[in-house]
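The chain contents come next:
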Amino acid sequence: LNLLDWSPQNLLALALDTTVYVWHHISGDIINLMETECITDYVSSVSWGNGGNCLAVGMSNGEVQLWDIQHQKRLRTLTSQVSRVGCLSWNSYVLSSGARSGHIQHHDVRVAQHHVATLAGHTQEVCGLKWSPNGRFLASGGADQLVNIWPSSQGGGGGFAPVQTFRQHQAAVKAVAWCPWQPSVLATGGGASDKRIRLWNVCSGTCFGNVDARSQVSSILWSTNYEELISGHGSGANRLVIWKYSTMSKVTELQGHTGRVLSMALSPDGETVASAAAAETLRLWRCFVVDPIEKKEREKADRVLSSFTRQAIR
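Since this is a predicted model, take the numbers as computed values, not measurements. (Residues numbered from 1 in each chain as written. Predicted model: local features only at pLDDT ≥ 70, side-chain atom pairs only at ≥ 80, totals over all residues. Heavy atoms only, no water.)

A. Here's a closer look at the packing of aromatic side chains. Summed over the entire model, instances satisfying the criterion amount to five aromatic pairs. Measuring from centroid to centroid gives 5.8 Å for W181 and Y245, while their planes differ by 75°, and the two rings are edge-to-face. Here W181, found in the loop between β17 (173-178) and β18 (185-190), pairs with Y245, found in the loop between β23 (239-244) and β24 (249-255); they are 64 residues apart in sequence, far enough to count as distant. Classification of W181 by relative accessible area gives partly exposed; the value is 31%. Ring geometry for F208 against Y245: centres 6.4 Å apart, planes inclined by 80°, an arrangement best described as edge-to-face. One end of the pair, F208, is in strand β20 (residues 206-212); the other, Y245, is in the loop between β23 and β24, and 37 residues separate them in sequence. In this structure an aromatic cluster arises from ring pairing among W181, F208, W222 and Y245. The side chain of R110 reaches across the aromatic face of Y93, ending 3.4 Å from its centre. (Phe/Tyr/Trp six-rings, centres within 6.5 Å; stacked < 30°, edge-to-face > 60°. Helix = DSSP H or I, 4+ residues; strand = E, 2+ residues; numbered from the N terminus. Buried < 20%, exposed > 50% of the residue type's maximum accessible area, 1.4 Å probe, protein only. Lys NZ or Arg CZ within 6 Å of the ring centre and 35° of its normal.)

This is the structure in structure tokens:
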């Protein structure tokens, strides 16, 4: 399941059984956002959308709820899945949900008839789901050991079919993450029977990176400040590992969890990683901190670029 996500508004959403909590990283305030109406249901995924103003909550009964975080109010309930929704990913106004049935549903949250497409490319649970930064491709990882790459628009026959299917992993693929500066590069990680992190060029379909992580890979994040990525691990390792791109040489290990790492999320400034583990702990790691002088230079460059863009639009 994917029970942790960090919003651009610096809010960390965490699902625990039947409840979703929202923690403000700056003030430290905690909101009990919602609880399931039936005690036999549980929250199975969370994902921020609409710039961090809306939280999508996937449920064990197949529902997806949309919550207005400012007013702490449920906006609507999307129903199209028949089994638990273990992963969610946004592409603008389209919310994609992956279910235990192996199906992926696209929901257009702007309209009443929200269900706009069904993707059928997995025979077991979809446990990893991520849209690429440019919105062109959706990557899905399944318990059937497959990684599928889906286009954003339908094919000539009026349906969706994967543009790539990668079969090299030997275990469930929960960890899927797109490179923020190379939109066609995808990192994936395999479970306990595989233990490998692979780098793919989804346009050519080639695997150009492959490293033995020596333990179950549960999650992967790319740094937005450095050309590095970080992976979370279980199966006795219970650690985080930072890797250099694209050599996949190990930079360092972050130890402290006593249970397997289940999920990770990156802060909006790209400096801090939150990791949730099976030992019922949430840890924050300031592992991608930028030098203050370099940070000021980046912010200055971003302001100049933003000003130039606004002038060009006018």
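B. The arrangement of unusual backbone geometry in detail. That bond from Y245 to S246 is cis: its omega, 5°, falls within 30 degrees of zero. Counting through the fold element by element, S246 comes out in the loop between β23 and β24. One non-glycine residue, D17, lies in positive phi territory at about 60°.

C. Inspection of the sheet that holds strand β27 (residues 281-285) at higher detail. The three strands lie next to each other as β25-β26-β27, forming an open sheet whose pairing is antiparallel. In this open sheet, the two edge strands, each paired with only one partner strand, are β25 (261-266) and β27. Here the average twist between neighbouring strands, direction ignored, is 20°. Where strand β26 (residues 273-277) meets β27, five bridges bridge the pair, whose relative direction is antiparallel. Paired with A276 across the strands is L282, a residue of β27. (Pairing = 2+ DSSP bridges. Axes fitted to C-alpha atoms, helices over the stretch in contact; angles between N-to-C directions.)

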